[in-house]
Amino acid sequence: MSYKIVYSKDAVKDIQKLQRANLATKAKALVEVIRNNPYQTPPSYEKLVGDLFGMYSRRINRQHRIVYQVFEDEKIVKIIRMWTHYEK
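Treat the numbers as computed from the prediction; the structure is a model and nothing was measured.

Describe the sheet that holds strand 2 (residues 46-47), with residues and values.
The strand order across the open sheet formed by five strands is 1-5-4-3-2, and the pairing between neighbours is mixed. Edge strands, defined here as strands with exactly one partner in the open sheet, are strand 1 (4-7) and strand 2. Relative to strand 4 (residues 65-71), strand 3 (residues 55-59) is paired through five bridges, and the arrangement is antiparallel. Each bridged residue has a counterpart across the sheet, and for Met-55 the counterpart in strand 4 is Gln-69. The strands touched by helix 1 (residues 9-20) are strand 1 and strand 5 (76-81); relative to strand 5, the strand with the most contacts, the crossing angle is about 65 degrees. The strands that helix 2 (residues 24-36) touches are strand 1, strand 3, strand 4 and strand 5; relative to strand 4, the one it contacts most, it runs at about 20 degrees.

This is the structure:
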């Protein structure tokens with residue numbers, strides 16, 4: 001069973017940035033992996049700590065990542081960000 005994908009407001013804004021940076025296709029492919037199984041490897045993912053504890057991250061490229069949260073009971077994955085998490 002696949003997961004439902006929902007996007008934060010920030011993630012929706014990030015989609016436009018990804019399109020301008022020609023990274024949208026790679027990001028879409030990663031979202032499909034996450035939709036089918038948010039814990040699938042490869043591609044590898046990281047469990048995040050600190051402020052982002054309980055969330056996961058997958059690399060789009062060296063600089064940009066998809067940061068997401070999994071709600072197992074509802075089978076929902078919330079995409080939090082799809083751009084670098086280093087810039088505010």
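Describe the environment of Glu-32, listing the residues and the values that go with them.
Turning to its location among the elements, Glu-32 is positioned in helix 2. Between the alpha carbons of Glu-32 and Tyr-3 there is a distance of 9.7 Å; along the sequence they are 29 residues apart.

Kindly report on the nonpolar core, identifying the contributing residues and their values.
Membership of the largest hydrophobic core comes to 18 residues, with the highest contact counts inside it found for Leu-18, Ile-60, Ile-66, Tyr-68, Val-77, Ile-79 and Met-82. The set of elements that each furnish at least two residues to this core consists of helix 1, helix 2, strand 4 and strand 5. Top contributing element to this core by residue count: helix 2, with four residues. The residues contacting Leu-18, other than those within four sequence positions of it, are Leu-23, Ala-24, Ala-27, Ile-60, Met-82 and Trp-83.

Let's hear about the pattern of salt bridges: which residues, and what values?
Evaluated as defined, the whole model comprises four salt bridges. Across the pair Arg-81 and Asp-14 runs a salt bridge, and its minimum N-O distance is 2.8 Å. Of this pair, Arg-81 sits in strand 5 while Asp-14 sits in helix 1; the two residues are 67 residues apart in sequence, bridging distant segments of the chain. Here Lys-75 ties to Glu-72 by a salt bridge, and the two come within 3.1 Å at their closest N and O atoms. According to the relative accessible area criterion, Lys-75 is partly exposed, its value standing at 25%. The exposure class assigned to Glu-72 is partly exposed, which follows from its relative accessible area of 32%.

About the criteria used
- Residues numbered from 1 in each chain as written.
- Predicted model: local features only at pLDDT ≥ 70, side-chain atom pairs only at ≥ 80, totals over all residues.
- Heavy atoms only, no water.
- Pairing = 2+ DSSP bridges.
- Helix = DSSP H or I, 4+ residues; strand = E, 2+ residues; numbered from the N terminus.
- Contact = heavy atoms within 4.5 Å.
- Axes fitted to C-alpha atoms, helices over the stretch in contact; angles between N-to-C directions.
- Core = buried A, V, L, I, M, F, W, Y, C linked by side-chain atoms within 4.5 Å.
- Buried < 20%, exposed > 50% of the residue type's maximum accessible area, 1.4 Å probe, protein only.
- Salt bridge = Lys/Arg side-chain N within 4 Å of Asp/Glu carboxyl O.

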